[in-house]
Amino acid sequence: MKQLLFSLLFSSTLALAQNNVLVKANKYYASQSYALAIPLYEKAYKKDSSDKILLSNLADCYRLTNNINGQLKCYSNLVRFGKAEPIHKLYYGEALMSAGRTSDAKKYFDDFTKDSRGKNKSTYSEKYKSYIKNFDAYKVDLAPFNSEQNDMCAVNYSGGAIIFASSRSKTSWINVQHSWTNTNFLNIYETEKDKLGNYLQPQAFMRDLQSRYNDGPICFTKDYSKVFFTRNNIKSDEKSGDGKYKLKILSATLNKNGFDRVSELSINNKDYNVAHPALSPDGNTLYYASDMSGGFGGMDLYMSKKESDGNWGKPINLGSGINTAGNELFPFMANNGLFYFSSDGLDGMGGLDIYETKFKEDKAQRVYNMGEPINGQFDDFGIYISEDNKNGFISSNRKRGGLDDDIYFLQILKEVKRGKEIILYARNKQNGDSLPNTKIKFGESELTTNEQGKVQTLVEEEINYPIVIEKEDYFKFTDSVNTKSDPNDSFIKTLLLEKDPKLALVGVVTDLKTNLPLEGVKIEIKELPSKVDFDNTLSGTKGDYKKALRDKKIGDKISYEIKLSKQGYVDKVLTFIYDINKPGDINLNESVELKIGQVAVGMDLAKMIDMKPIYFDIGKSNIKPDAAIELDKVVKVMKEYSNMIVELGSHTDCRGSAAANLKLSSARAKSSASYIIKQGIDKTRISGKGYGESKLLNDCKCEGKVQSKCSEAEHALNRRTEFIITKLK
């Protein structure tokens, strides 16, 4: 198979100051006649097994003809004698992998840091479980029509025929051997079953397509009316600037006499290889391998879009998600949109492995090694899958290693979902209990946890997967999983759901005077400090109010501005602040007075508008800033009700002489009334009067010999300012 990676080369002799045998070996090596160079290098090796150039060249010959034991011999000597370059260590690791010595190979992969190949291949032991987990999804059987030579890259053809490339025995019309491997060149063959179900002896497919040199692999359009295939010829005008003959892709059209109009594709170039064609199911995209400049190294995979004139557009590299510093080859796009290819630069099991990915907007997503039994320690490549995605072929040299490539039947026994395995646990945040039968929306999927609160799934693309859980009696849970955040092929995430404490604001709005419930009171609530609307409703028939706090939890602090309004009543604005410390209802009436007063003579505005006490400095009557804020509330109401006349009454407690208290309260009342007048209220609508201690609200007297036993709080009840409505004009 390795002869497909490169074209033929004829160049000048590399002169080395060694004996005649070595000089001749180097000539063969320089012309890529590796099979002819090997016996000469081996003869020189017996005389000097430590020469770096000899070991390196002989190792290359063994590597490019798939001789594993020879590679082990040469690369181990390069390492042992301290003459190994970094690339030799990589190749040594690959040879060890192919020999089944994976643990020994890891050291040499770890030592290779020039590009990603060492790191990729070093992950074998960590990824081994993923390589074997889908073993029962595939069945691989050796095809009966293989030969003693190379047979590879089988595809289906019309009428049940199978078309493939082979270097089987020479015929009268092909008599050229490949000096790279000392085997015949590849040509295209076909076979089909007879009436008994046995495969017939393969015959040359459409001889008018064949050449004297390498032909194949091959692919067809969906209707088999057109064929694309790889070829290299030896013509002097097709030699590249470096003296090599490159692989190229040709096409031909089927007519009643067979295929004709054989022509080269416009994407070909004599200075680089273009090979291994594969079509998308709709026939509008061509995938292929090439070593054109600008790639990532070795052979990369490219695609071209069909243009309106039928030609193929500019090559587009499939990117670093697929391509490496190694070789990416043998692309294939299945009917279900999955894309397959082979690589020796990605993580793998040895040699070329077959990989699977899919495209999203022409960009490859995560790449997966298909694992056993499709891949093994040798070269595995040339996958083809039928339109029903149930059968196909692969090619491999697993039978005997080396250059003995064979075709294998592939059966897909069950659908395989690629991706990282994610284990999700749903648990109660408060006590850690499992939450069985919890429905989880994971990306586009709907999952349900088992009795242990556990569910497993696969993610196929390296993107953010949103998680949403809406479970009765629990808060809505949202999260996400980013598969890039974890390098492993599986990981665990615990989802902690917080039980809903069923919180709700409740209260009863009543009449300030009668204390009877009031229906139809408009209740407007805004969150503080944002002033965002929280609720806007009317009190119920029993003055009742209730609003669920669906997004609040125990431990949260809530702050609201509550406005109560009703026709004929004075609007009331309250501030409610509460630390949530238990589940259930939060009773507003325990913290604020949900009472509104009707506009009527004898009512106290101070109680109707939730005024705070007005404070003065000891013995003083001047209006302080905090007192001004409270007085402004009265101003606002009086401006709304222009027919309202108010008496401002100032009261003290019993302490101090009655005369002094009367004088002080009078001064304070007049000072407060004067402030209100200055804010635009007509002086005929507001008057200030001091009552001293003459109108105590309780039995807290302390004149003469009377000794009051009242508390400070009880005395405070008597220190008040009242704004009594005395008239409504």
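Cut-off values and rules
Residues numbered from 1 in each chain as written. Predicted model: local features only at pLDDT ≥ 70, side-chain atom pairs only at ≥ 80, totals over all residues. Heavy atoms only, no water. Helix = DSSP H or I, 4+ residues; strand = E, 2+ residues; numbered from the N terminus. Rg over C-alpha atoms; globule rule 2.2 N^0.38 Å. Contact = heavy atoms within 4.5 Å. Areas by Shrake-Rupley, 256 points an atom, 1.4 Å probe, with all protein chains shown as cover. Lys, Arg positive; Asp, Glu negative; His and termini not counted. Charge placed at Lys NZ, Arg CZ, Asp CG, Glu CD. Expected span 1.5 Å × (residues − 1). Buried < 20%, exposed > 50% of the residue type's maximum accessible area, 1.4 Å probe, protein only. Core = buried A, V, L, I, M, F, W, Y, C linked by side-chain atoms within 4.5 Å. Pairing = 2+ DSSP bridges. Axes fitted to C-alpha atoms, helices over the stretch in contact; angles between N-to-C directions. Salt bridge = Lys/Arg side-chain N within 4 Å of Asp/Glu carboxyl O. Polar contact = N/O pair within 3.5 Å; in protein donor to acceptor, adjacent residues only side chain to side chain. Phe/Tyr/Trp six-rings, centres within 6.5 Å; stacked < 30°, edge-to-face > 60°. Lys NZ or Arg CZ within 6 Å of the ring centre and 35° of its normal. Parallel < 35°, antiparallel > 145°, perpendicular 65-115°, else oblique. Left-handed = near helix turned anticlockwise from the far one by under 90°. Nonpolar A, V, L, I, M, F, W, Y, C, P; charged D, E, K, R; others polar. Disulfide = S-S within 2.5 Å.

## Focus on the overall build of the protein
Then, number 1: What the protein contains, in helices and strands, is 12 helices and 42 strands.
Then, number 2: At 45 Å, the protein has a C-alpha radius of gyration far larger than the 27 Å of a compact globule built from 729 residues.
Then, number 3: Oriented by its inertia axes, the alpha-carbon framework of the protein measures out at about 140 × 65 × 50 Å.
Then, number 4: Sequence-distant contacts in the protein: of pairs separated by 6 or more residues, those separated by 24 or more amount to 56%.
Then, number 5: Accessible surface, the protein: about 35,000 Å² in total, of which carbon and sulfur atoms supply 48%.
Then, number 6: A gap of 4 Å separates the mean positions of the 105 positive and 95 negative side-chain charges of the protein.

## What about helix 11 (residues 658-678)?
Then, number 1: Taking 1.5 Å of rise per residue, 21 residues should cover 30 Å, and helix 11 covers 30 Å from first to last C-alpha, within 8% of that figure.
Then, number 2: Taken residue by residue, helix 11 has Asn 661, Ser 665, Ser 666, Arg 668, Ala 669, Ser 671, Ser 672, Ala 673, Tyr 675 and Ile 676 as its buried positions.
Then, number 3: Residues of helix 11 that are buried in the fold lie against helix 10 (625-640), strand 40 (644-651), strand 41 (686-692) and strand 42 (720-728).
Then, number 4: One or two positions beyond helix 11, positive phi appears at Gly 680, with a value near 110°.

## Looking at the nonpolar core
Then, number 1: Ile 218, Phe 220 and Ile 383 are the most contacted members of the largest nonpolar core, which has 39 residues in total.
Then, number 2: The element best represented in this core is strand 23 (residues 406-412), accounting for four residues.
Then, number 3: Sequence-distant contacts of Phe 220, that is, excluding residues within four places in its chain, are made with Val 155, Asn 156, Tyr 157, Ile 163, Phe 205, Lys 226, Val 227, Phe 259 and Leu 279.
Then, number 4: Ranked by size, the runner-up nonpolar core spans 35 residues in total, among them Leu 22, Cys 61, Ala 95 and Met 349.

## Some details on the sheet that holds strand 22 (residues 391-396)
Then, number 1: Ordered by their spatial adjacency, four strands build an open sheet running 1-23-22-21, and the pairing between neighbours is antiparallel. At either margin of the open sheet sits one strand with a lone partner, and together these are strand 1 (138-142) and strand 21 (380-385). Within the sheet, the average angular offset between the axes of one strand and its neighbour, ignoring direction, is 25°.
Then, number 2: Sheet topology note: the strand 1/strand 23 ladder contains five bridges and is antiparallel. Bridged to Val 140 within strand 23 is Leu 410.

## Considering the pattern of salt bridges
Side-chain pairs of opposite charge can arise where the charged atoms are in close proximity.
Then, number 1: Taken as a whole and judged by the stated rule, the model has 31 salt bridges.
Then, number 2: Two residues, Asp 404 and Arg 400, come together in a salt bridge whose shortest N-O distance is 2.8 Å.
Then, number 3: Overall, the relative accessible area of 8% leaves Asp 404 in the buried class.
Then, number 4: Here Lys 429 ties to Glu 498 by a salt bridge, and the two come within 3.9 Å at their closest N and O atoms. Highlighted residues: Lys 429 in the loop between strand 24 (420-428) and strand 25 (439-442) and Glu 498 in the loop between strand 30 (490-497) and strand 31 (504-508), separated in sequence by 69 residues.
Then, number 5: Given the relative accessible area of 48%, Lys 429 is considered partly exposed.
Then, number 6: Linked by salt bridges that have partners in common, Asp 653, Arg 655, Glu 712 and Arg 719 make up one network.

## Observations regarding the side chain of Glu 498
Then, number 1: On the basis of relative accessibility, which here comes to 14%, the residue Glu 498 falls in the buried class.
Then, number 2: Within polar-contact distance, the side chain of Glu 498 engages the side chain of Lys 553 at 3.3 Å.
Then, number 3: Apart from the residues within four sequence positions on either side, Glu 498 is in contact with Lys 429, Gln 430, Tyr 474, Phe 475 and Lys 553.

## Looking at the sheet that holds strand 26 (residues 445-448)
Then, number 1: Pairing is antiparallel in the open sheet, where four strands are placed in the order 26-25-28-29. Here the strands that pair on one side only, and so sit at the sheet edges, are strand 26 and strand 29 (477-482). Ignoring which end each strand starts from, the neighbouring axes of this sheet average 25° apart.
Then, number 2: In this sheet, strand 29 lies alongside strand 28 (residues 464-469) in antiparallel orientation, the contact comprising six bridges. Bridging across to strand 29, Ile 469 finds its partner in Phe 477.

## Considerations on the packing of aromatic side chains
Then, number 1: Under the defined criterion, the tally for this structure stands at 30 aromatic pairs.
Then, number 2: Geometrically, the ring pair formed by Phe 442 and Tyr 465 is stacked, given 5.3 Å between the ring centres and 10° between the ring planes. Here Phe 442 is found in strand 25, whereas its partner Tyr 465 is found in strand 28, with 23 residues between them in sequence. The pair formed by Phe 442 and Tyr 465 is uniform in burial state, with each residue classed as buried.
Then, number 3: Through pairs of rings, three or more aromatic residues link up here, namely Phe 145, Phe 164, Tyr 189, Tyr 199, Phe 332, Tyr 384, Phe 393 and Phe 409.
Then, number 4: Cation over ring: Arg 168 sits above Tyr 189, and NZ or CZ is 5.4 Å from the ring centre.
Then, number 5: Over the aromatic face of Phe 534 sits the side chain of Lys 547, whose NZ or CZ is 5.7 Å from the ring centroid.

## Some words on the environment of Gln 149
Then, number 1: Tracing the chain through its elements places Gln 149 in the loop between strand 1 and strand 2 (151-156).
Then, number 2: Residue classification places Gln 149 among the partly exposed residues on the basis of a relative accessible area of 26%.
Then, number 3: Considered as a pair, Gln 149 and Phe 259 are 110 residues apart in the sequence and their alpha carbons are 27 Å apart.

## Comments concerning unusual backbone geometry
Most of the time, phi is negative for any residue but glycine, and the peptide bond is trans.
Then, number 1: For the peptide bond that leads from Glu 372 to Pro 373, omega is 0°, which places it in the cis range.
Then, number 2: Structurally, Pro 373 is set in the loop between strand 20 (368-369) and strand 21.
Then, number 3: With an omega of 10°, the peptide bond between Leu 528 and Pro 529 qualifies as cis.
Then, number 4: Mapped onto the elements, Pro 529 comes out in the loop between strand 33 (522-527) and strand 34 (533-538).
Then, number 5: The backbone of Gln 32 shows a phi angle near 65°, a positive value even though the residue is not glycine.

## Describing the side chain of Glu 356
Then, number 1: With respect to the element layout, Glu 356 can be found in strand 18 (residues 353-360).
Then, number 2: For Glu 356, the side chain forms a polar contact with the side chain of Tyr 340, separated by 3.3 Å.
Then, number 3: Sequence-distant contacts of Glu 356, that is, excluding residues within four places in its chain, are made with Leu 338, Phe 339, Tyr 340, Arg 366, Val 367, Tyr 368, Met 370 and Arg 418.

## What about the packing of helix 5 (residues 86-98) against helix 6 (residues 102-111)?
The relative placement of two packed helices is expressed as an angle between their axes plus a distance between the axes.
Then, number 1: In contact at an axis separation of 8 Å, helix 5 and helix 6 are set at 160° when each is read in the N-to-C sense. In terms of their interaxial angle, helix 5 and helix 6 are classed as roughly antiparallel. Crossing handedness for the pair helix 5 and helix 6: left-handed. Touching Lys 89, Leu 90, Tyr 92, Gly 93, Glu 94, Leu 96 and Met 97 of helix 5 are Thr 102, Asp 104, Ala 105, Tyr 108, Phe 109 and Asp 111, all from helix 6.
Then, number 2: In the contact of helix 5 with helix 6, the residues fall into seven nonpolar, two polar and four charged.

## Re the state of the cysteines
Then, number 1: Taken as a whole and judged by the stated rule, the model has two disulfides.
Then, number 2: A disulfide bridge connects Cys 654 with Cys 702, and the sulfur atoms are separated by 1.9 Å. When the S-S torsion is 120°, as for the bridge of Cys 654 with Cys 702, the disulfide is right-handed. Of this pair, Cys 654 sits in the loop between strand 40 and helix 11 while Cys 702 sits in the loop between strand 41 and helix 12 (712-718), and the two are 48 residues apart along the sequence. The same class applies to Cys 654 as to Cys 702, namely buried.
Then, number 3: The disulfide pattern of the protein is 1-3, 2-4 when the bonded cysteines are numbered in sequence order.
Then, number 4: Distance from the sulfur of Cys 74, which forms no disulfide, to the nearest cysteine sulfur (Cys 61) is 8.9 Å.
Then, number 5: For Cys 74, a relative accessible area of 0% corresponds to the buried category.

## Focus: the pairing of strand 8 (residues 215-220)
Then, number 1: Among the six residues in strand 8, six count as buried, and that is most of the element.
Then, number 2: Two strands pair when backbone bridges link them, and strand 8 and strand 9 (residues 226-231) are joined in this way by four bridges, in the antiparallel orientation. Its bridge partner lying in strand 9, Cys 219 is registered against Phe 228.
Then, number 3: Between strand 8 and the antiparallel strand that follows it, strand 9, lie five residues; Tyr 224 among them carries a positive phi value of about 60°.

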